[in-house]
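Read off the chains here:
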Amino acid sequence: NAAAPVTQVLTVTNPAKTNHTVTLSPLAPKVVGDASFTVTATASSGLAVTFTSSNPAVATVTAAGVVTILSAGTTNIVANQAGNATFNAAAPVTQVLTVTNPSSISSMEVMAGSTVLANNGTMMSIGSNLKNVSTSPYTFTIKNMGSTTLTIFSVSSTTGFTITSISSNSIEPNGSATFKVSGIPTDAFAPTNGAVSVASSDVNSPFTINVSVQVGTPTSITKTLASNAIDLYPNPTSIGYSNLEFNGSFDDVIVTIYSADGSKTLVESFSTVSDTNRQLNVQELPSGVYFVEVNTTQGKLMKRLIKQ
């Protein structure tokens, strides 16, 4: 009779993979403006190595290892080898690339009038005006104190502030350029704060100027009105209000009442008044001495008010 078949299992496996390592030498420091260069790394297997950069804002690198410098800072250049049918993936190897600004870079000086400003320094007032009305432009000057051309990339501001374009984006050594900033005060009792940022080729870029505007006498007003141009009555007052009598025509009127310690207690504004009265409600103010400041396009005036 036929014999019973006999079966045996034949197992075929891939050959065991071999471990291998990647070698990447330390990277020399670079300077902004240096030419692109190629990094090299080797795998003990002889397989090709690829590269990545952890911070492409500082430097980019192609898979083949061509590095392009973009800005000052540090980035990790990582060498990778993914392995193949014979070799396992190798452990990545990292070297730090440090990029600095050139020592010959131009030196930028920012001035408000004759005062040299510190980068991100103390808040400075650039003007005042009626609530929600833009202030007159305030002029800043940029000077190039270095030995190479200073390039201004942009001048920007936070919401509520406006920049008038800089007079020149390329400033030669010992040269200067100006730009203007205006702001809109939105709070009658506190300054409106903001910031201006100057981006440039300077080592200190960006340069930040902290600015503020406030509700009050328009910056351009310097004339003092005659004492009889505006009258205040009754004064003293014990009836909860006092009247401002305008003897003539006045535009963009803003009235601010200050307490004896200088605190603002009331702010009112009128577009135009002409030979008329405006009532000031002081019912809620405690008894005491106050100062009423009236600012107009034609000039300003201060009156003393006694609330009984």
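Refer to the structure above for everything that follows.
Read on for a plain summary of the structure. It should be emphasised that the depicted structure is a prediction, and the values quoted were computed from it without experimental measurement.

## Notes on the overall build of the protein
Then comes step 1: When helices and strands are counted, the protein shows zero helices and 26 strands.
Then comes step 2: Whereas a compact globule of 308 residues would reach a radius of gyration of roughly 19 Å, the protein reaches 36 Å, over 25% beyond that.
Then comes step 3: Seen along its three principal axes, the alpha-carbon backbone of the protein occupies a region of about 135 × 70 × 30 Å.
Then comes step 4: Here the protein holds 308 residues, and 37% of them are scored as buried.
Then comes step 5: Sequence-distant contacts, at least 24 apart, represent 62% of the contacts inside the protein between residues at least 6 apart.
Then comes step 6: In the form shown here, the protein has an accessible surface area of approximately 16200 Å², with 52% of it arising from carbon and sulfur atoms.
Then comes step 7: Considering the protein, the positive charge centre built from 12 side chains and the negative charge centre built from 14 side chains are found 4 Å apart.

## So, the environment of I152
Then comes step 1: With respect to the helices, strands and loops of the structure, I152 is situated in strand β14 (residues 150-157).
Then comes step 2: Setting aside anything within four residues of it in sequence, one finds I152 in contact with M108, I142, I166, S168, N169, I171, V198, A199 and S200.

## Structural notes on the sheet that holds strand β22 (residues 249-259)
Then comes step 1: Pairing is antiparallel in the open sheet, where four strands are placed in the order β23-β22-β25-β26. Of all strands in the sheet, those with a lone pairing partner are β23 (264-274) and β26 (299-307), marking the two edges. The mean angle between the axes of side-by-side strands here comes to 20°, regardless of whether they run parallel or antiparallel.
Then comes step 2: Bridge count between β22 and β23: nine bridges; the pairing is antiparallel.

## With respect to the pairing of strand β13 (residues 138-144)
Then comes step 1: By the bridge criterion, four bridges tie strand β10 (residues 108-112) to β13 in an arrangement that is antiparallel. Within the sheet, the bridge partner assigned to E109 lies in β13 and is K143.

The rules behind the values
Residues numbered from 1 in each chain as written. Predicted model: local features only at pLDDT ≥ 70, side-chain atom pairs only at ≥ 80, totals over all residues. Heavy atoms only, no water. Helix = DSSP H or I, 4+ residues; strand = E, 2+ residues; numbered from the N terminus. Rg over C-alpha atoms; globule rule 2.2 N^0.38 Å. Buried < 20%, exposed > 50% of the residue type's maximum accessible area, 1.4 Å probe, protein only. Contact = heavy atoms within 4.5 Å. Areas by Shrake-Rupley, 256 points an atom, 1.4 Å probe, with all protein chains shown as cover. Lys, Arg positive; Asp, Glu negative; His and termini not counted. Charge placed at Lys NZ, Arg CZ, Asp CG, Glu CD. Pairing = 2+ DSSP bridges. Axes fitted to C-alpha atoms, helices over the stretch in contact; angles between N-to-C directions.

Keep in mind these numbers describe shape, not what the thing actually does.
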